[in-house]
Each structure stands twice: as C-alpha cells, then as structure tokens.
Amino acid sequence: MGTWGAGNFDSDTAADHLGDLAGRLVTEVTEAMAGDPVELEPDEYWGVTVPCNLELLLVLDRQGWVGVTLPSPEVIRAWQKTFLAVWEATIDGLEPKPEYKDERRAVLNETFERLAEASAAGSQH
C-alpha cells in the first residue's frame, strides 16, 4: 500500500475508501434518477436527498483528495433535467411561498451546475 503523506487521506487505502464512498453517492443518485419519478418529488426522500448527495460529492471533490471521481458533465446535466422536470411539475402542489419556490429552484439549478463544472474541470486534468 502506498502512502504519500501523514494526512488521513494520503494513502491508497484511504483513496480506495473515498472512492467507494463517492461511488455510493453517485449510485444512489443514478438509481433515483432511473427509478419512479414520484420518488423525486420535493416532499419525497430522494427529492430531498439527491441534492444532498450532489452537494456532498462537490465537497469531497473540492478537497482535492485522490479517489473522488465525478460523473461526466453530460450525466449531471441529464440528472438536472430529470430532477427539475419532476420538481417543476410537483412543487406547486405543496403550496410553497413564491419566494421560497424561486430561491429553491435557484439553489437546485446551482447545485447541479456547480457539480457539472467541477466534473468538467476535473476531466481536463
């Protein structure tokens, strides 16, 4: 096993662990996107946790540790299209305040866009 520093993520084993963790986050999102769209509605589990997984992937990627692999920008943007289509079709049924709806839409779009940009930047190295 290779070790290149004293940090918690400075070894092959740590990189493998981090890769497994990031892989689980990606797998969950992939499965949620391929599953029943009802599960992506804003008041359902995946409707809440998919953006959380995306944010966690972004946080892990920003650390610069070896082991984090993001999906391609094209995959992330396809997820964005699927997720936001469900969100737009169902959010009004929850009767949100217009300000919340606008702010949440912006946050969701920004989350997908930041991850797609990070993926594009990473694929250029």
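Everything below is about the structure printed above this text.
How each quantity is defined
Residues numbered from 1 in each chain as written. Predicted model: local features only at pLDDT ≥ 70, side-chain atom pairs only at ≥ 80, totals over all residues. Heavy atoms only, no water. Helix = DSSP H or I, 4+ residues; strand = E, 2+ residues; numbered from the N terminus. Buried < 20%, exposed > 50% of the residue type's maximum accessible area, 1.4 Å probe, protein only. Lys, Arg positive; Asp, Glu negative; His and termini not counted. Charge placed at Lys NZ, Arg CZ, Asp CG, Glu CD. Expected span 1.5 Å × (residues − 1). Arc of directions from axis to C-beta. Axes fitted to C-alpha atoms, helices over the stretch in contact; angles between N-to-C directions. Parallel < 35°, antiparallel > 145°, perpendicular 65-115°, else oblique. Left-handed = near helix turned anticlockwise from the far one by under 90°. Contact = heavy atoms within 4.5 Å.

## Quick look at the overall build of the protein chain
Then step 1. Helix and strand content of the protein chain: four helices and zero strands.
Then step 2. Helices (α) and strands (β) of the protein chain occur, in sequence order from the N terminus, as α-α-α-α.
Then step 3. Projected onto its principal axes, the C-alpha positions of the protein chain cover 55 × 25 × 25 Å.
Then step 4. A buried classification covers 33% of the 125 residues belonging to the protein chain.
Then step 5. With 9 positive and 23 negative side-chain charges, the protein chain shows a spacing of 6 Å between the two charge centroids.

## Some points on unusual backbone geometry
Then step 1. Even without being a glycine, Glu-95 presents a positive backbone phi close to 55°.
Then step 2. Topologically, Glu-95 is positioned in the loop between helix H3 (73-90) and helix H4 (98-123).
Then step 3. For Glu-95, a relative accessible area of 70% translates into the label exposed.

## Description of H3
Then step 1. Over its 18 residues, H3 runs 26 Å from end to end, which matches the ideal 26 Å to within 8%, given 1.5 Å per residue.
Then step 2. Burial in H3 covers these residues: Pro-73, Ile-76, Trp-79, Gln-80, Phe-83, Leu-84, Val-86 and Trp-87. On an axial view of H3, the arc spanned by its buried residues comes to 160°, and they lie on one face. In H3, those exposed residues whose orientation departs by more than 90 degrees from the buried face are Glu-74, Lys-81 and Ala-89.

## Some words on the packing of helix H1 (residues 12-34) against helix H2 (residues 45-62)
Then step 1. Put simply, H1 and H2 touch, their axes get as near as 10 Å, and they point 150° apart. Between H1 and H2, the angle is such that the two are roughly antiparallel. As for the relative orientation of H1 and H2, their crossing is left-handed in sense. Mapping the contact onto sequence places Leu-18, Leu-21, Ala-22, Leu-25, Val-26, Glu-28, Val-29, Ala-32 and Met-33 in H1 and Trp-46, Val-50, Asn-53, Leu-54, Leu-56, Leu-57 and Leu-60 in H2.

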